[in-house]
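For reference, the chains in residue letters:
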Amino acid sequence: MSAAPSVSTPVLIAGAGPAGLTLALTLMKNGIPVRIIDKSQEHHVGQRACGTMPRTHEVWNLLGVLPDIKAAATTPKPMRVYKLPEGREAVKEISLKGETDPTPAIPYWHMLIIGQEHTEAILRSHLAKLGCHVELGAELISFEQHPDHVIAQVRKVQDSSIETVTCHWLVGTDGARGVVRKLLGLTFLGETYEDHQMLLADLHLTGVDREHWHRWYNVSDKFLLIRPTEYNDDSFSLVGPADGLDIAKITEDPEELAAYIRANTGRDDIEVGKIKWISQYRPNVRMVNKFGEGRVFVAGDAAHVHSPAGGQGMNSSIQDSFNLGWKLALVEKGLALPALLSSYTDERLPVIAKMLNISTNLFDKVVAADESAWDRGGQLLQLGIHYRWSPVVLDERAEPGDSPASANPYGVAGDAIRAGDRAPDAPGLLKVKGPDALDTTTSLFRIFGPSYHTALIFGFPGQVPQAVLAALKRCPAEVLRTALITPKDGAAPLTADVELVVSDQDGHAYTGYGVGSDNMAAVIVRPDGVIGGYLQSAEGIGRYFERVFGTSV
């Protein structure tokens, strides 16, 4: 019997955009070394995808990057719509409404604007702190799958030399034109909007203020949007029609772009400076039939492309990677069976199908000048996205006849919280027992983490059966944290057999998770901030862990 080949890296990630960087950071936070490559010889530039939604902010919180994102980002500005052909008179002002009401359960309640290049730079800086760096000019050209490893061929762009990389897992985050999806043989069905080519540009200009987004439109052929970037200078991002344009000519001569702006705005007082980045874009609406095969997976634009309307694409890509990352880490550590990885497709495929439907409908509204297309609230915030149908979640309260598979993947309005839903935050928790690093008054979002499940035990110490605590202890200690949450007036002894005891001073935890003050419940929150199990018995805890860890527990 031949010896197993020497593994160069446990996980090889091809593509260093938001999806690849998020996956790399998630794995590194889980103690899994990664190698991340990108065929470009320079880091990506351009605002590109710029709107980050509250659900993504929760991912950034878990990964520890949210403070840097918030410090760099700005909020959406009111949009002024100008009358053509003169282009100077603002006929209306539209609010993007990219927010919801802040509640104890939702600490991040509005969207932020930060260019993709800026987001990527922040993620790279956090990876660097963990000793991981993006390898530029390295292109994945082929791979072969084996029962226990993958052999990949990587071409160095600078000298065309070929390196053979052996890994346990390969993930393609290499975009819509990437090689991983094609070599896996995944379908990518959908359509291309040939009649709606768009010009995207980042540039320096003067003549419009930075307190608004600016839009010019008429129903025949003119549309232009200019918005300020998050940088504290005279840089703006531009989106407009690109049909019949010579992009190379515009790139070489800023005056060509100035003429384009004059033609679409009627304004001669907007002066164009340096062009930072320019591209032509045709909206595509496509998705894969599954997110992986064997030891190879895809995420982000390699798995789905969409219209830019609604700001869903990059956020969905980030959540793809976060969903895959913790599962891949458990399997690589030998703590879960590879069968867990099939739930990546089970969970993300319905969400992405719904996302494509939403963004396509919004794009049609943009084209038709329907002002409701600019509302970025409601389901676009992605706070309702859930996995209730997933084979690896369990809710013991489910009634016979419940059909979670038929639920809207973007949320069920007014419904009670269930396994598969986003785990809400709860501030005002008074620490009775726990690590010194945790503040005396804390919140659930400070307790959750990307490398472990969190078991929230609601009840008084005397209410919690010993069998429940024993069932929790059968889970590997390195991937489970247990917290006892008592009502405000419920005394909890320091000897309680859990790592953390908190008192729910304001009742937000009990209310947010739908637990009566006299009831006992065990709610297990996954590393990605999703409720994996809503359980009421030791048997239920065992069944949940069996779904996630298989025979490893």
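About the thresholds
Residues numbered from 1 in each chain as written. Predicted model: local features only at pLDDT ≥ 70, side-chain atom pairs only at ≥ 80, totals over all residues. Heavy atoms only, no water. UniProt positions renumbered as here; feature names shortened; annotations may be inferred. Pairing = 2+ DSSP bridges. Helix = DSSP H or I, 4+ residues; strand = E, 2+ residues; numbered from the N terminus. Contact = heavy atoms within 4.5 Å. Axes fitted to C-alpha atoms, helices over the stretch in contact; angles between N-to-C directions. Phe/Tyr/Trp six-rings, centres within 6.5 Å; stacked < 30°, edge-to-face > 60°. Buried < 20%, exposed > 50% of the residue type's maximum accessible area, 1.4 Å probe, protein only. Lys NZ or Arg CZ within 6 Å of the ring centre and 35° of its normal.

An unreviewed UniProt entry lists the protein under the name Monooxygenase, with Obba rivulosa as the source organism. Taken verbatim from the UniProt record of the protein, the Cofactor (unreviewed entry) comment is "FAD".

Student: Talk me through the sheet that holds strand 11 (residues 188–192); I want residue IDs and the actual numbers.
Tutor: One open sheet accounts for three strands, arranged 11-17-20; its pairing is antiparallel. The outermost strands of the open sheet, each flanked by one partner alone, are strand 11 and strand 20 (304–305). Where strand 17 (residues 284–288) and strand 20 come together, two bridges link them in antiparallel fashion. Following the sheet pairing, Arg286 is matched in strand 20 by Val305. Helix 9 (residues 342–367) rests against strand 17 and strand 20 of the sheet, and its axis sits at about 175° to strand 17.

Student: Explain the UniProt feature "domain: Phenol hydroxylase-like C-terminal dimerisation" (unreviewed entry) in the protein to me, using residue names and the numbers behind them.
Tutor: Taking the UniProt record as the reference, the feature "domain: Phenol hydroxylase-like C-terminal dimerisation" (unreviewed entry) is found at residues 502–549. Counted over residues 502–549, helix gives 35% and strand 27%. Its end C-alpha atoms are 28 Å apart.

Student: Tell me about the packing of aromatic side chains, and please be specific about residues and values.
Tutor: Tallied over the full model, the rule gives 13 aromatic pairs. Judged by centre distance (6.4 Å) and plane angle (40°), the rings of Trp169 and Phe297 are tilted. Pair noted here: Trp169 is in strand 10 (residues 162–172) and Phe297 is in strand 19 (residues 296–298), with a separation of 128 residues, a long-range link. The buried category is assigned to Trp169, whose relative accessible area is 4%. On the numbers, 6.2 Å between centres and 65° between planes, the contact of Phe297 with Tyr344 is edge-to-face. With Phe297 in strand 19 and Tyr344 in helix 9, the pair connects residues that are 47 residues apart, well separated along the chain. Taken together through their ring pairs, the aromatic side chains of Trp169, Phe291, Phe297 and Tyr344 make up a single cluster. Geometry around Trp169 places Arg295 over its ring, the cationic atom sitting 4.3 Å from the centre. The ring of Tyr452 has Arg481 lying over it, and the distance from NZ or CZ to the ring centre is 4.5 Å.

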